[in-house]
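Structural features, examined
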Amino acid sequence: MKTRVTELLGIKYPLIQGGMAWVAEHHLAAAVSKAGALGIIGAGGAPAEFVRDQIRQVKAVTDNPFGVNLMLMNPEADAIAQVIIEEGVKVVTTGAGNPGKYMVAWKEAGIKVIPVVASVAMAKMMQRAGADAVIAEGMESGGHIGAATTMTLVPQVVDAVSIPVIAAGGIADGRGFAAALMLGAEAVQMGTRFVVAKESIVHDNYKKKILAAKDIDSEVTGMSHGHPVRQLRNPMTREYLKLEKEGASFEELEHLTLGSLRKAVVEGDVVNGTLMAGQIAGLVKEEQTCKEMIEEIMQKAQALLGRKE
Ligand code: TUI
């Protein structure tokens, strides 16, 4: 399946892995890239030198293209932006902010820049700033989200920009993939399904929660202070939402989630941890290798997209 995105990135399948904090480390990124999609190292809140090491680990095991996601709220974002250049990374995605101040340096280094956007206005701004493509991410996604759904955001972004659009949020199989292409997307970014990949280092307790999740098992915390985060419901979200309803301050709520993603991913603490996952978790029922997932998705999508009347 060829699109402007497969051409732009030099990949076999128009599929990219989400840059999930803590989850998207070198094992996962390498497995996805080896399978012909675009693996991504998620910088999340990690220090710059940790990200440099992750990049070197992927390079050591595959020559296939891969990228780095810069989460723009990372206090070391400036240093990571520089590490990306120094290590010769070819593709950057960004999240949770405006990457404008890094665009010129990245473009001068020949890097393909693909910001995640949650609105048409942001997509247009990123196109003007020189982005090579944008990821239009709907609020079905896990983690930090915007307000629009994938179904409404993707076609509106497609109409507003001329660069390729990658759809994200609520996609985990060949049907969702085909639907995204029908909306005008030229690739798909997928996160939740990759969390349970065999190559994913995520603690088994967390994987089991995703595999057991039903359609309405996610909650959005932090809406009241402008940092909405989608995650699976657990004792921590119950407490958080209760405090939020009572008008707790940003600081009080932050205290509850300090280091909580690490707790879930590394320690498997499904009681106090943040189990970030998208609304499509209910569809994810099997732990497979990245190659198995990617090939299954692409075969189904191709069959659907090639279907004649
Ligand atoms: O970034 C994400 N998802 C994330 S980042 C993350 S790390 C984190 N952990 C705990 C609390 C908060 C964050 C977990 N999940 N997705 C990409 C994304 N970007 N979604 C929405 C946006 C976005 C929103 C507003 C991008 C740009 C934007 O514009 C802001 C501006 O500055 O104009």
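Our subject is the structure that appears above.
First, a word on scope: everything that follows refers to the structure included in this document. (Residues numbered from 1 in each chain as written. Predicted model: local features only at pLDDT ≥ 70, side-chain atom pairs only at ≥ 80, totals over all residues. Heavy atoms only, no water.)

1. Considerations on the layout of surface pockets
Which entries qualify depends on this criterion: A 1.4 Å probe that fits but cannot get out identifies a cavity on a 1 Å grid over protein atoms alone, an open set with protein on both sides within 12 Å along at least five of seven lines counts as a pocket, and a residue lines either if it has an atom within 4 Å of a point. Grid points are joined across faces, edges and corners, and a volume is the space filled by probe spheres set on the points. We count a stretch as a helix when DSSP gives it H or I for four or more residues in a row; a strand needs E for two or more, and each element gets its number in order from the N terminus.
Of the voids in this model, the second largest pocket is the one considered here, and its volume is about 240 Å³. Every residue lining the second largest pocket is listed: E140, T150, M151, G169, G170, I171, G176, A179, A180, L183, Q279 and I280. Secondary-structure elements contributing two or more residues to the lining of the second largest pocket are α7 (150–160) and α8 (174–182). With three residues, the top contributor of residues to the lining of the second largest pocket is α8.

2. A word on the site of the ligand
Basically, it comes down to this: Any residue with a heavy atom positioned within 4 Å of a molecule or strand is treated as near that molecule or strand. In the analysis that follows, any N or O atom pair within 3.5 Å is treated as a polar contact, provided that within protein one partner can donate a hydrogen and the other can accept it, and provided that, for residues neighboring in sequence, both atoms belong to side chains. The protein chains shown are the only cover counted for residues, whose accessible areas, like all others here, come from Shrake-Rupley with a 1.4 Å probe. Side-chain classes follow a simple rule in which Ala, Val, Leu, Ile, Met, Phe, Trp, Tyr, Cys and Pro form the nonpolar group, Asp, Glu, Lys and Arg form the charged group, and the remainder, Gly included, forms the polar group.
Among the 14 residues in the neighbourhood of the ligand, the closest are listed as A96, V116, E137, G143 and H144. Taking A96, its main chain carries an N or O atom lying 3.0 Å from a nitrogen atom of the ligand. Within the backbone of H144, a nitrogen or oxygen atom sits 2.9 Å from a nitrogen atom of the ligand. In isolation the ligand offers 710 Å² of accessible surface; the protein chains occlude 69% of this area. Residue composition of the shell around the ligand, grouped by class: eight nonpolar, five polar and one charged.

3. Considering the sheet that holds strand β6 (residues 134–137)
This is how the line gets drawn: By this definition, two strands are paired if DSSP reports at least two bridges between them. For helices, the fitted line uses only the C-alpha atoms of the stretch in contact; every axis is such a line through C-alpha atoms, and the angle between N-to-C directions lies from 0 to 180 degrees. For this analysis, residues touch if any pair of their heavy atoms sits within 4.5 Å.
Strand order in this open sheet of eight strands is β1-β9-β8-β6-β5-β4-β3-β2, and the pairing throughout is parallel. The open sheet has two edge strands with one neighbour each: β1 (15–17) and β2 (39–42). Taken over all neighbouring pairs, the strand axes of this sheet differ in orientation by 25 degrees on average, direction set aside. Inspection of the sheet shows strand β8 (residues 165–168) paired to strand β9 (residues 187–190) by three bridges, in the parallel sense. Looking at β9, one finds that I166 is bridged to A187. Lying on the sheet, helix α3 (residues 48–61) is in contact with β2 and β3 (66–71); it crosses β3 at an angle near 165 degrees.

4. Thoughts on the side chain of Q54
Checked against the element boundaries, Q54 lands in helix α3. Setting aside chain neighbours within four positions, we find Q54 in contact with E25, H26 and I41.

5. Some remarks on the packing of helix α6 (residues 120–128) against α7
What counts here: Rotating anticlockwise by less than a right angle from the far helix to the near helix defines a left-handed crossing, while the corresponding clockwise rotation defines a right-handed one.
In contact at an axis separation of 9 Å, α6 and α7 are set at 35 degrees when each is read in the N-to-C sense. Our pair here, α6 against α7, has a crossing hand that is right-handed. Residue-level contacts link V120, A123, K124 and Q127 of α6 to L153, Q156, V157 and A160 of α7. The residue inventory of the contact of α6 with α7, partitioned by class, reads five nonpolar, two polar and one charged.

6. Quick look at the sheet that holds strand β11 (residues 229–232)
Sheet strands associate in pairs through backbone hydrogen bonding, adopting either a parallel or an antiparallel arrangement. Reading across the sheet, the three strands line up as β7-β11-β10 and stay open at both edges, with antiparallel pairing between neighbours. Both outer strands of the open sheet, β7 (143–144) and β10 (218–221), are each paired with one neighbouring strand and no more. Sheet strands in contact with helix α11 (residues 235–245) are β10 and β11, and its direction is about 40 degrees off that of β10.

7. Considering helix α4 (residues 77–86)
Our working rule: Whether a residue is buried, partly exposed or exposed follows from its accessible area with a 1.4 Å probe, protein chains only, as a fraction of its type maximum: under 20%, in between, or over 50%, in that order. The reported arc concerns the directions from the helix axis to the C-beta atoms and nothing else.
Buried residues of α4: A77, I80, A81, V83 and I84, and no others. Buried residues in α4, looked at end-on, bunch into an arc of 160 degrees, giving them a common side. The secondary structure elements touched by the buried residues of α4 are α3, β3, β4 (91–95) and α5 (100–108). Phi turns positive, to about 70 degrees, at G88, one or two residues after α4.

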